[in-house]
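Chains, contacts and geometry: an overview
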Amino acid sequence: MEKYLIASSGDTLDSKISGRFGHSIFFLFLDPQTLEFETFPGIRADESAQGIQRLLSRDIKKILVGNIGPSSFYEIHSLGCSVYLCRNLKVQEAVQKVKNGEIQPLQEPTLPDSIHSARKEDDRTPGSGQGRGMGMGGGRGRGMGGGQGRGMGSGRGRGMGGGRGRRG
């Protein structure tokens with residue numbers, strides 16, 4: 001019987017889908033027919049890919065996420081699983097939409113880089129950030145910082161590159 005692996009912000013069906021697969025607080029192994037599930041703690045920061053294999057050792061075919069980087073995405077695909085983007089949905093709602101075919105499997109990761117790849121490199125080169133986060137006061141970040149560097153102004157939105165943007 002096919003099971004779902006769900007990256008969740010909590011340990012109930014009313015919890016929201018986690019914003020990032022590899023940094024999910026909880027994972028739910030769920031039977032989409034009965035909605036019975038088991039809850040497991042998220043992947044620790046020092047586990048990375050080995051933690052993903054631990055999670056996929058069951059009869060998992062579908063993985064529901066809020067975002068997913070390339071390392072996890074391609075590893076999951078190599079194991080024959082499909083990934084579904086379920087941003088801002090509660091677990092039970094996301095399960096029903098995937099089960100009913102309302103959400104199609106992703107063909108590529110939703111994020112350009114793994115968060116771990118940015119930590120491995122010295123990313124302090126100015127202008128290397130790719131941030132698009134919302135800044136304070138409604139400004140949109142532009143990712144002008146290099147990874148963990150700070151941009152100028154009050155935007156300070158953390159974007160996908162981990163840089164801090166400046167308000168535009």
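The numbering scheme is per chain: residues are counted from 1 as the chain's sequence reads. It should be noted that, the model being predicted, local features are given only for residues of pLDDT at least 70 and side-chain atom pairs only at 80 or more, the latter also being counted only at that level, while totals for whole chains, interfaces and linings use all residues. The side-chain values count all of the structure's non-hydrogen atoms but skip hydrogen atoms and water molecules.

1. Quick notes on the overall build of the chain
By the criteria applied, helices consist of DSSP H or I runs no shorter than four residues and strands consist of E runs no shorter than two, each listed in order from the N terminus. In terms of regular secondary structure, the chain is built from 4 helices and 5 strands. For the chain, the N- to C-terminal ordering of α and β elements is β-β-β-α-β-α-β-α-α. Sorting the 168 residues of the chain into buried and exposed places 42% on the buried side. We call two residues in contact when some of their heavy atoms are within 4.5 Å. When contacts within the chain are restricted to residue pairs at least 6 apart in sequence, those whose partners lie at least 24 apart make up 45%. Accessible area for the chain stands at about 9,300 Å²; split by element, carbon and sulfur atoms hold 47% of it. Residue burial is assigned from relative accessible area. The probe radius is 1.4 Å, only protein chains are included, and a residue is buried under 20% of its type maximum, exposed over 50%, and partly exposed in between. Only the protein chains shown count as cover for residues, and all accessible areas are computed by the Shrake-Rupley method using a 1.4 Å probe.

2. Side note on helix H3 (residues 91-99)
The complete set of buried residues in H3 reads Val-91, Ala-94, Val-95 and Val-98. Buried residues in H3, looked at end-on, bunch into an arc of 100°, giving them a common side. Looking at the buried side of H3, the elements it contacts are strand S1 (3-8), strand S2 (26-30), strand S4 (60-65) and strand S5 (82-85). One or two positions beyond H3, positive phi appears at Gly-101, with a value near 80°. Note that the arc is computed from the directions linking the helix axis to the C-beta atoms.

3. So, the sheet that holds strand S3 (residues 37-41)
One bridge is not enough; two strands pair if DSSP finds at least two bridges between them. One open sheet accounts for 5 strands, arranged S3-S2-S1-S4-S5; its pairing is mixed. Two strands close off the open sheet at either side, each with one partner strand: S3 and S5. Here the strands of the sheet are splayed against their neighbours by 20° on average, with no regard to which way each runs. The sheet contact formed by S2 and S3 spans 5 bridges and is antiparallel. What sits directly across from Phe-26, in S3, is Pro-41. Note on method: axes are straight lines fitted to C-alpha atoms, helices fitted across the in-contact stretch only, with angles between N-to-C directions ranging 0 to 180 degrees.

4. Observations regarding the nonpolar core
The set of buried Ala, Val, Leu, Ile, Met, Phe, Trp, Tyr and Cys residues whose side-chain atoms join them within 4.5 Å is what this entry labels a nonpolar core. Grouped together as the largest cluster of nonpolar side chains are 16 residues, with contacts concentrated most on Ile-6, Leu-64, Cys-86 and Val-95. Element by element, the count of residues in this core is highest for H3, at 4 residues.

5. Describing unusual backbone geometry
Unusually for a residue other than glycine, Leu-35 sits at a positive phi of about 65°. If you trace the backbone, Leu-35 turns up in the loop between S2 and S3. Phi is positive for Asn-88, close to 60°, though the residue is something other than glycine. Relative to the assigned elements, Asn-88 resides in the loop between S5 and H3.

Functional significance is not addressed by these values, which are geometric in nature.
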